[in-house]
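Architecture at a glance
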Amino acid sequence: MLQKNSVVRGFYILLFMLVFCGKVFTQQTNARDYLITALNASGWQPNTGALSAWKAKAKESYLQKIHALPDSVKQYLIKNADEALSFNWPALPASSFLEYRDNGNRIRYEKKQTERRNYLNALVIAEIISGDKKYMPQLLNGLWATLEESTWEIPAIVELQKAGADLPDPSEQVIGLVSAETAAMIANIQFMLAGQLDAYSPIINKRIAFELHRRILDPYKQRDDFWWMGFSGKPVNNWNAWINANVLQVALLSETNMNDLFRVIHKIFKSADYFINQYPADGGCDEGPTYWSLAGGKLIKLLYLANSVSGGKLSWATNNLMHNIGTYIYKTHIAGDYFVNFADAGSKTIPNAESVYRFGEMFKDDSLKHFAAYLFSLKKNELPPNNLPDFLATAAIFKELATLTPDPMLISSAALEDIQVFTARSVAGSTSGLFMAVQGGHNAESHNHNDVGNFIVYANGEPVIVDAGVGTYTAQTFSSRRYEIWTMQSQWHNCPLINGVMQKDGRQYKASDVSFERKNNEVNVAMDIAKAYPAEAYVKTWKRRFLFNQQKSKLVLSENFELEKITGETKINFLSSCSVKSDVKGEVGFYNNEGRLMLILKYAPGLMTAGVEEKILDDEKLTNTWGSKLYRLSFTLNDKALKKGACAFEFISP
């Protein structure tokens, strides 16, 4: 169990890492400053007595909630930890660390480091649940091994040091995703088990305090130049919310000097405001639902902590933007664990139920609470076995998540007009019929794929017209060679290839004249995607119109275009996870792995020629999602002299 979870968590960290290369949020910054304004207006400052009382109450509450967990849940977590009793903590050699620098490989080092974290978390959780001292010797081995690490970061993030991609420089502490998450884990270990640690050696707690200050709190106070902080003027992304939420927890649990604590809190709020200031008003996460748990989902953890430690003096319960950041996650839900997956987001994810619940709690939104219960049910009401902070936070609301009526929140349609993502389904509250999601936007979005005008179609809750997503992250993924990767190219999305030319990356390559309208059970999304292509495509206008008749479960895609001249083939591509067959002229059927007809596509055969090619998949992440292959259905416009024209495609539920 633990070895499998280790690989999963290693991949999970791999999936969400972003080596900064400028591909981050690009929305225009608005000087909202909600956090620092609330802090200044509240007059609240931490004091030793109140903070000690808050921590004591929080610990007692955690222990009570954990004690009340069902025996089956506790037994599962204890069994998970029993596997760790014989674990031999692997070394993290320099040669493994340097693989990223030398050949771009990230997996071997990250896998070993992640296994160590997973086993340590599991042992701590079992000790808290059982109070059985049999876990303590192995727990101490793992904790001490972690404290002894030269860096708590991974090589791809250590690259941010002044020395670049190399071994970690002992004179510079880099604060990134993994170090902040590790620090939060260790701070919580000390918070929950300080007495047990002291019983073995008082040096352990002393060492923990030393390392948390040396690696996290001191550099956080001293430095303003980490890009993710936002102080340099560079845009930020999920790193900001993710790291700041963890640093706040470390500071509240570990800092004993109240003046220093307030300085850190003040700086965290100023930094997190940069993340919020650039967020679109609709609350849309352009990194996609897969990243939401590490973006908006981390932000709510920060807000909840601040509200709790201040006794309610710090509150954002009437803030519409914050509320929208929460509701975004169900607006992009398709069915089960399928979510809209533009950019690097995966098609399957289960967002953090505890974060969703906290949004519902803060904004008195029962829909979010019931959606959180639904997400929890998808995980079979299991608590996180290898993440101590998440385990504690989820255990605190286990009863609510396990007893609330789950609601998948299958809403009729949603228009996220700022990030230009639009969704609609045939039947509200049901996965029957078709689901459509369309995006406009621009080609400098976070985790961009050069896919303006892309769309996906699901039938009865299953994928048919898809976005492949992204393969396993490597050094190339966030390098200048990013767009050499096929999953990052518009020709492998549901977009036109115009005069043989693909879309190009950059903020200027975008959709224009974007509109959304819903009337009489019809959803109409329109945009001109001509500006998403470079000059050599010679395209004046390319207007895409998606007319979705919800009652009839029919989607009509209309293409109206005008080219300056003809210099190459123009194709309209559709990527599918289903096999494609054409038994009737002008009609294509999409069949799933069981041979069931999922979707019918009708077109005018005289205007275009259809062709199908298989894309063999050899990346583990992609094969885990789609199997061994995907299919690209291409329609080549027949009239080489045609510079101005139109065509249409009908997608019909059989």
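As shown above, the structure is provided for reference.
I will try to describe carefully the structure that is included in this document.

What counts as what
- Residues numbered from 1 in each chain as written.
- Predicted model: local features only at pLDDT ≥ 70, side-chain atom pairs only at ≥ 80, totals over all residues.
- Heavy atoms only, no water.
- Helix = DSSP H or I, 4+ residues; strand = E, 2+ residues; numbered from the N terminus.
- Rg over C-alpha atoms; globule rule 2.2 N^0.38 Å.
- Buried < 20%, exposed > 50% of the residue type's maximum accessible area, 1.4 Å probe, protein only.
- Contact = heavy atoms within 4.5 Å.
- Lys, Arg positive; Asp, Glu negative; His and termini not counted.
- Charge placed at Lys NZ, Arg CZ, Asp CG, Glu CD.
- Axes fitted to C-alpha atoms, helices over the stretch in contact; angles between N-to-C directions.
- Parallel < 35°, antiparallel > 145°, perpendicular 65-115°, else oblique.
- Left-handed = near helix turned anticlockwise from the far one by under 90°.
- Phe/Tyr/Trp six-rings, centres within 6.5 Å; stacked < 30°, edge-to-face > 60°.
- Lys NZ or Arg CZ within 6 Å of the ring centre and 35° of its normal.
- Pairing = 2+ DSSP bridges.
- Nonpolar A, V, L, I, M, F, W, Y, C, P; charged D, E, K, R; others polar.

Quick word on the overall build of the protein
For the protein, the helix and strand inventory stands at 21 helices and 21 strands. Computed over C-alpha atoms, the radius of gyration of the protein comes to 26 Å, within 12% of the 26 Å expected from 2.2 N^0.38 for 654 residues, which places it in the range of a compact globule. Principal axes of the C-alpha set define a box for the protein whose edges measure 80 × 50 × 50 Å. Here the protein holds 654 residues, and the buried ones make up 61% of them. Counting only contacts in the protein whose residues sit at least 6 apart along the sequence, the fraction spanning at least 24 positions is 72%. If you average the places of the 69 positive and of the 67 negative side-chain charges in the protein, the two averages end up 1 Å apart.

Observations concerning the environment of Phe 649
Examined against the element boundaries, Phe 649 turns out to sit in strand E21 (residues 644-652). Residues Phe 649 and Leu 177, spaced 472 residues apart in sequence, show a C-alpha to C-alpha distance of 44 Å. Ignoring sequence-local partners within four residues, the contact set of Phe 649 consists of Leu 555, Val 556, Leu 557, Glu 559, Ile 572, Phe 574, Leu 601, Lys 602, Tyr 603, Met 608 and Phe 635.

A look at the packing of helix H10 (residues 177-200) against helix H11 (residues 202-222)
Two elements in contact, H10 and H11, have axes whose closest approach is 8 Å; the angle formed by their N-to-C orientations is 160 degrees. Overall, the two elements H10 and H11 adopt an arrangement that is roughly antiparallel. At the point where H10 passes H11, the crossing takes the left-handed sense. Between H10 and H11, the residues in contact are Ser 179, Ala 180, Ala 183, Ile 186, Ala 187, Gln 190, Ala 194, Leu 197, Asp 198 and Tyr 200 and Pro 202, Ile 204, Asn 205, Ile 208, Ala 209, Leu 212 and Ile 216, respectively.

Brief notes about the packing of aromatic side chains
The tally for this structure, following the rule as stated, stands at 27 aromatic pairs. Taking 5.5 Å as the distance between ring centres and 90 degrees as the angle between the ring planes, the aromatic pair formed by Phe 574 and Phe 651 counts as edge-to-face. Separated by 77 residues along the polypeptide, Phe 574 in strand E15 (residues 571-576) and Phe 651 in strand E21 bring together distant segments of the chain. There is no split in this pair, since Phe 574 and Phe 651 are both buried. Site record: aromatic cluster; members linked through ring pairs are Phe 455, Phe 546, Phe 574, Tyr 603, Phe 635, Phe 649 and Phe 651. One Lys or Arg, Arg 223, reaches over the ring of Phe 226 and ends 4.2 Å from the middle of that ring. For the cation-ring pair, Arg 358 lies above Tyr 304, with the distance from its terminal atom to the ring centre recorded as 3.9 Å.

Some remarks on the environment of Leu 85
Structurally, Leu 85 can be placed in the loop between helix H4 (71-82) and helix H5 (94-97). For Leu 85, a relative accessible area of 32% corresponds to the partly exposed category. Separated by 223 residues in the primary sequence, Leu 85 and Ser 308 place their C-alpha atoms 36 Å from one another.

Quick look at the sheet that holds strand E12 (residues 522-528)
An order of E11-E12-E13-E14-E21-E18-E17-E16 is seen for the eight strands of this open sheet, with the pairing classed as antiparallel. Of all strands in the sheet, those with a lone pairing partner are strand E11 (512-519) and strand E16 (579-584), marking the two edges. Recorded for the sheet is a direction-independent mean angle of 15 degrees between the axes of neighbouring strands. Inspection of the sheet shows strand E17 (residues 587-591) paired to strand E18 (residues 597-603) by five bridges, in the antiparallel sense. Across the sheet, the residue bridging to Glu 587 is Lys 602, located in E18.

Comments concerning the packing of H11 against helix H13 (residues 258-277)
Taken N-terminus to C-terminus, the directions of H11 and H13 make an angle of 70 degrees; their axes are 10 Å apart at the nearest point. Classified by the interaxial angle, the pair formed by H11 and H13 is roughly perpendicular. Both H11 and H13 take part in a crossing whose hand is left-handed. From H11, Tyr 220, Lys 221 and Gln 222 reach across to H13, where they touch Asp 260, Arg 263, Val 264, Lys 267, Ile 268 and Ser 271. Partitioned by chemical class, the residues of the contact of H11 with H13 number three nonpolar, two polar and four charged.

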